[in-house]
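Understanding the architecture of this molecule
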Amino acid sequence: MAELPIPDLPPAHCSGRFTISTLLSVEEGGRGPYTATEGSSCDSVQPTHLSSSTLCSRTFGYNTVDVVPAYEHYANSKGVGDPRKGRPSLADLHSILKVTGACNSLPSSVGWFSLRSSSAGMVWPSPGVCALMASSPLSPQIRCMLNIWGVILYLRLPWITAQAGIALTWLIILMSVTVTTITGLSISAISTNGKVKSGGTYFLISRSLGPELGGSIGLIFAFANAVAVAMHTVGFAETVRDLLQEHNSLIVDPTNDIRIIGVITVTVLLGISLAGMEWEAKVTLTPAHILLLATAEKQAKGFFSYRADIFAQNFVPNWRGPEGSFFGLFSIFFPSATGILAGANISGDLKDPAVAIPKGTLMAIFWTTVSYLVLSATIGACVVRDASGSLNDSVAVGSPGCEGLACRFGWNFTACTQQQSCRYGLSNYYQVLMSMVSGFGPLITAGIFGATLSSALACLVSAPKVFQCLCKDQLYPLIGFFGKGYGRNSEPIRGYMLTYVIAVGFILIAELNAIAPIISNFFLCSYALINFSCFHASITNSPGWRPSFQYYSKWAALFGAAVSVVIMFLLTWWAALIAFGIVIFLLGYVLYKKPDVNWGSSMQASSYNMALNYSVGLSEVDEHIKNYRPQCLVLTGPPNFRPALVDFVGTFTKNLSLMLCGNVLIGPRKQKMPESRLMADGHTKWLTKRKIKAFYTDVVAEDLRSGVQMLIQAAGLGKMRPNILVLGYKRNWRTASPQSLEDYVGILHDAFDFKYGVCLMRMKEGLNVSQVLQAHGKWFWVARDAQRHGMCQPAPCPQTKVTHPLAPAVDPTTLASEHQASTIFQSEQGKKTIDIYWLFDDGGLTLLIPYLLGRKKRWGKCKIRVFVGGQINRMDEERKAIVSLLSKFRLGFHEVHILPDINQKPRPEHIKRFDELIAPFRLNDGFKDEATVNEMRQGCPWKISDEEVDKNRAKQCQPCSAGAALAWG
């Protein structure tokens, strides 16, 4: 590696192992595209320098034009074909060293990459938040545990234990844990497969499965989090209401008190959320509780400390009320397990989400599972199902008339049990943990307040963040209004307000048991898609799927997805149908609109796998005449130059067969290759916008004929190869240069030599509309080569002035977004007539293409007529024979006309006209000797000798007669 001189430069500021700095002309306030960001520091001891004009760097003691490996060079989400700054080619490096011997001659317009970090689309937290990232309240484990230890733990776990018994409660917990553990493993795998940005669960699913399913689950998940705000707030309000009720201080009545307290609470939480992440983290409390001994008052409410017989009685179920079923209780309990996504929801605020999310999520699942199992067993061993709460119900042990387990401990709850009027006990009192199991009630009250408020606050923050990420992706209309960010952290204030409105709406229900099943279905739907994302990414075998978290199984993920769907329908079948209906509707919308996003999803990998497998499988199948399809290689040049040719062929190949638009770029390879790479994507987008299902390909060649030969031989893949060459009629054949005319005719011969069918399309006004584009001020391609070879209109072809050999002809985005030229083949054809001149047995292609056109809706009303040659004295017999033949083809063509004049000897005026047409192309050698004729041919090898004219005179008669019969010319 040659050592290049480096000028003396001031120390650089950059990030990375090797120091890279920039010397540029002053632009954008003195900061060039390669300038390091302020405040960054250097690790290297010996600084080196890089500029966009010199692009020199010191690598391992040597100077080089290329750069050392760095993460920034690969950290992008663009597609493979997207425009970007590339690394230098060998030609660039050779030209630099060759011209000046230094690295200061590279044009400033050619760059490799930018080392300057861009914050577009990123939310950079304030220094206070950065400090909080490493602290426990913001860690995923604490977040998940706080959400799992929420309202269900304190207010519904005792009641579920009373209904289902300890055994089935454990089954409910373990079923939930099975789903959440598998989902946690899937989240861990997905989150460690690349960089996780803001958006949480929506980001994970959408970037894995693509916008089709990712967008729908983003809306559902954001809505579920908004409803979860209501659930946790109602739990808090219910606790406050019970405290007020104990002190006879109700505001209005028990139900309206929940509504009033809930609305006030969620309003305060909204204010805290708008205050910023620092406040949201500071008000997050950790719930705690202490199990102590019993008192007499607690015994009256059914608490008798640890008793084996109480445990035995509560071990079996005792169903009561409308929710008294296994899956009814499961639907109420399951929202407590939804907290496992709390860590993923703040992925944008984590310092290292790829490490924090797996570790925090799985640890939170483990510890909360242990706590739920222990608490349910503890509560079931201490509290009886029914108790009156009255101290007057104490009796002597063994008193007659006393029924129930409490009689053994000196309490008679028989009356309230028989009348079903007991206010206390596991089955009747939601505040068991607060007032009975805990030895210090205010501590449990603080735990309930902390758990419910922290969970509500976490959902209130995550829902707008997820929705904001969805809005920025612009997958759905009318929601972008809520995605606007404010302030340095781009806070979605409008999203907060929308979440607040949804939460208030569900708070007004004021019934926790009614809100919980709604959340269960939406979160189960999210879990199903998360697990399916992991399974789908694994099954596609994409090289890009390589998560650093290895402790997952694709089959376990598929099992988790299936179990989640089954549980959805077992819980509330109508809610499951609504959830899936929303997903399917949103999926259909995205499939229809096809948003312009490219996330490298597993759906793309799956499409590639399917296409590859089917293509390989198709190669193993022998061709059969019944499966013949016209697969067309269309010589369009730039497709937007000949839209009529594109539209006509696209009409009968759409959803039926292969269409390949071919373009030959004529000129030096080094000059044309950049143009080829740049334009290919633009032409493909143009075809997509025009709704033409076709491929675009181009080749660089020295002349048109050799380029077409390349296309004919190399186009296609396996059995998906063209078998028909379609090109426009050469209208200027009389005035075109002899070489271009010879190339054109040679292309037709080449197609037949390569076993291709040939279709020529001729329109009165021509096919090439490049001049129209020029007249309307549109951009146009470099068309010198097309003019040189006679592929344009008779008028001069438009020219493009190129100032730099690497300068692009046009930006691909401009090409795709330009106004689409309309053609006659895009409109309804009405009751027109399609005439088929089946003059020779050409294999049936002349009949097949009109038949395929007639199957299309816009051509369906057209009448089809078939013209064939025949003898004037046998017209009826020949017509019947052709009709019989066509009926065997099952084409539905019934109108047949016989052309008797086609086999007649041509008239003298027709022969004279033919001779006049070929006169410019004749050699006129006459009776000259062979040496003279050979000398004349050296300059014009394509000319026709008199001998060739005489030999083929018989062949010329029938075209002359056919031309006269068809009024050709």
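Residues numbered from 1 in each chain as written. Predicted model: local features only at pLDDT ≥ 70, side-chain atom pairs only at ≥ 80, totals over all residues. Heavy atoms only, no water.

Considerations on the nonpolar core
By size, the foremost hydrophobic cluster in this structure holds 108 residues, and its most contacted members are Ile172, Phe333, Leu341 and Tyr372. Counting residues per element, this core draws most heavily on helix H7 (residues 211-246), which supplies 15 residues. Other than its neighbours up to four places away in sequence, Tyr372 contacts Ile148, Trp149, Gly150, Leu153, Leu157, Ile173, Phe333 and Ser336. (Core = buried A, V, L, I, M, F, W, Y, C linked by side-chain atoms within 4.5 Å. Buried < 20%, exposed > 50% of the residue type's maximum accessible area, 1.4 Å probe, protein only. Helix = DSSP H or I, 4+ residues; strand = E, 2+ residues; numbered from the N terminus. Contact = heavy atoms within 4.5 Å.)

A closer look at the sheet that holds strand S6 (residues 724-728)
The sheet built from five strands is open, its strands ordered S5-S4-S3-S6-S7 with parallel pairing. Strands with a single pairing partner mark the edges of an open sheet, and in this sheet they are strand S5 (695-701) and strand S7 (757-761). Strand-to-strand twist of the sheet, defined as the mean angle between neighbouring strand axes without regard to direction, takes the value 25°. Where S6 and S7 come together, five bridges link them in parallel fashion. By the bridge assignment, Leu727 is partnered in S7 with Leu760. Against the sheet, helix H23 (residues 643-653) contacts strand S3 (632-635), strand S4 (659-666), S6 and S7, and its axis sits at roughly 170° relative to S3. (Pairing = 2+ DSSP bridges. Axes fitted to C-alpha atoms, helices over the stretch in contact; angles between N-to-C directions.)

Considerations on a positive patch on the surface
Residues Lys594, Lys654, Lys691, Lys693 and Arg858 make up a contiguous surface patch of positive charge. On the secondary structure map, Arg858 appears in the loop between helix H30 (845-854) and strand S9 (863-869). (Patch = residues over 30% accessible without salt bridge, like charges linked within 9 Å, V, L, I, M, F, W, Y side chains within 5 Å. Areas by Shrake-Rupley, 256 points an atom, 1.4 Å probe, with all protein chains shown as cover. Salt bridge = Lys/Arg side-chain N within 4 Å of Asp/Glu carboxyl O. Lys, Arg positive; Asp, Glu negative; His and termini not counted. Charge placed at Lys NZ, Arg CZ, Asp CG, Glu CD.)

Notes on the environment of Leu405
The topology assignment puts Leu405 in the loop between helix H14 (353-382) and helix H15 (414-419). For Leu405 and Ile310, which are 95 residues apart along the polypeptide, the C-alpha to C-alpha distance reads 7.4 Å. Beyond its immediate chain neighbours, meaning those up to four positions away, Leu405 contacts Asp309, Ile310, Gln313 and Val384.

Some points on a nonpolar patch on the surface
A surface patch of nonpolar side chains, about 620 Å² in accessible area, is lined by Phe569, Trp573, Trp574, Leu577, Ile578 and Ile582. Ranked by the residues each element gives to the nonpolar patch, the list is headed by helix H21 (residues 573-593), at five residues. Tracing the sequence through the fold places Phe569 in helix H20 (residues 554-571). According to the relative accessible area criterion, Phe569 is partly exposed, its value standing at 32%.

Examining the packing of aromatic side chains
Following the criterion strictly, the structure yields 24 aromatic pairs and no others. Between Phe535 and Trp555, the ring centres sit 5.7 Å apart and the planes meet at 50°, which makes this aromatic pair tilted. Of this pair, Phe535 sits in helix H19 (residues 512-539) while Trp555 sits in helix H20; the two residues are 20 residues apart in sequence, bridging distant segments of the chain. Judged by its relative accessible area of 12%, Phe535 is buried. Through a chain of ring-to-ring contacts, three or more aromatic side chains come together here, namely Phe648, Phe652, Phe825 and Trp859. The ring of Phe481 has Arg494 sitting right over it, with the charged end atom 4.0 Å from the ring centre. (Phe/Tyr/Trp six-rings, centres within 6.5 Å; stacked < 30°, edge-to-face > 60°. Lys NZ or Arg CZ within 6 Å of the ring centre and 35° of its normal.)

Quick notes on unusual backbone geometry
Phi is positive for Leu478, close to 70°, though the residue is something other than glycine. You can see Leu478 is positioned in the loop between helix H17 (441-473) and helix H18 (493-507). In this structure, Lys755 is a non-glycine residue whose phi angle is positive, near 65°. With respect to the secondary-structure elements, Lys755 resides in the loop between helix H26 (738-753) and S7.

So, the pattern of salt bridges
All chains considered together, the criterion is met by nine salt bridges. Between Arg241 and Asp242 there is a salt bridge, with its nearest N and O atoms 2.9 Å apart. As far as burial versus exposure is concerned, Arg241 and Asp242 are alike and both buried. Its salt-bridge partner being Arg874, residue Glu878 comes within 3.3 Å of it at the nearest N-O pair. Residue Arg874 is classed as partly exposed on the basis of its relative accessible area of 39%.

Here we look at the sheet that holds S9
In spatial order, the strands read S8-S9-S10; together these three strands make up an open sheet with parallel pairing. In this open sheet, the two edge strands, each paired with only one partner strand, are strand S8 (833-837) and strand S10 (895-899). Averaged over all pairs of adjacent strands, the angle between their axes in this sheet comes to 25°, without regard to strand direction. Bridge analysis of S9 against S10 gives five bridges, and the strand direction is parallel. Looking at the pairing, Gly869 lines up with Leu899 of S10. Sheet strands in contact with helix H31 (residues 875-889) are S9 and S10, and its direction is about 140° off that of S10.

Section: the environment of Met710
Relative to the assigned elements, Met710 resides in helix H25 (residues 704-714). Excluding anything up to four places from it in sequence, Met710 contacts Val699, Val700, Ala701 and Ala715.

Points about the pairing of S8
Judged by which residues are buried, S8 turns out to be one-sided: Ile834 and Ile836 face inward and are buried, whereas Thr833, Asp835 and Tyr837, on the alternate face, are not. Of the pairings in the sheet, the one linking S8 to S9 comprises five bridges and is parallel in character. Pairing of Asp835 across the sheet is with Arg865, part of S9. Remark: the S8/H30/S9 crossover connection has right-handed handedness. (Right-handed = clockwise from strand over helix to strand, strands pointing away.)

Observations concerning the packing of H7 against H18
At a minimum axis separation of 8 Å, H7 and H18 run at an interaxial angle of 50°. Viewed along their axes, H7 and H18 adopt a mutual orientation that is oblique. Note that H7 runs across H18; the crossing there is right-handed. Of the residues in H18, those in contact with Phe223, Ala226, Val227, Val229, Ala230, Thr233 and Val234 of H7 are Thr499, Ile502, Ala503, Phe506 and Ile507. Split into classes, the residues belonging to the contact of H7 with H18 amount to ten nonpolar, two polar and no charged. (Parallel < 35°, antiparallel > 145°, perpendicular 65-115°, else oblique. Left-handed = near helix turned anticlockwise from the far one by under 90°. Nonpolar A, V, L, I, M, F, W, Y, C, P; charged D, E, K, R; others polar.)

With respect to the packing of helix H8 (residues 254-275) against H18
Packing of H8 against H18 brings their axes to within 10 Å, and their N-to-C directions diverge by 165°. Relative to H18, the element H8 lies roughly antiparallel. In the packing of H8 onto H18, the handedness of the crossing is right-handed. On the side of H8, the interface is formed by Ile258, Arg259, Gly262, Val263, Val266, Thr267, Leu270, Ser273 and Leu274, while H18 contributes Ile493, Tyr496, Met497, Tyr500, Ala503, Val504 and Ile507. When the residues that make up the contact of H8 with H18 are grouped by side-chain class, the tally is twelve nonpolar, three polar and one charged.

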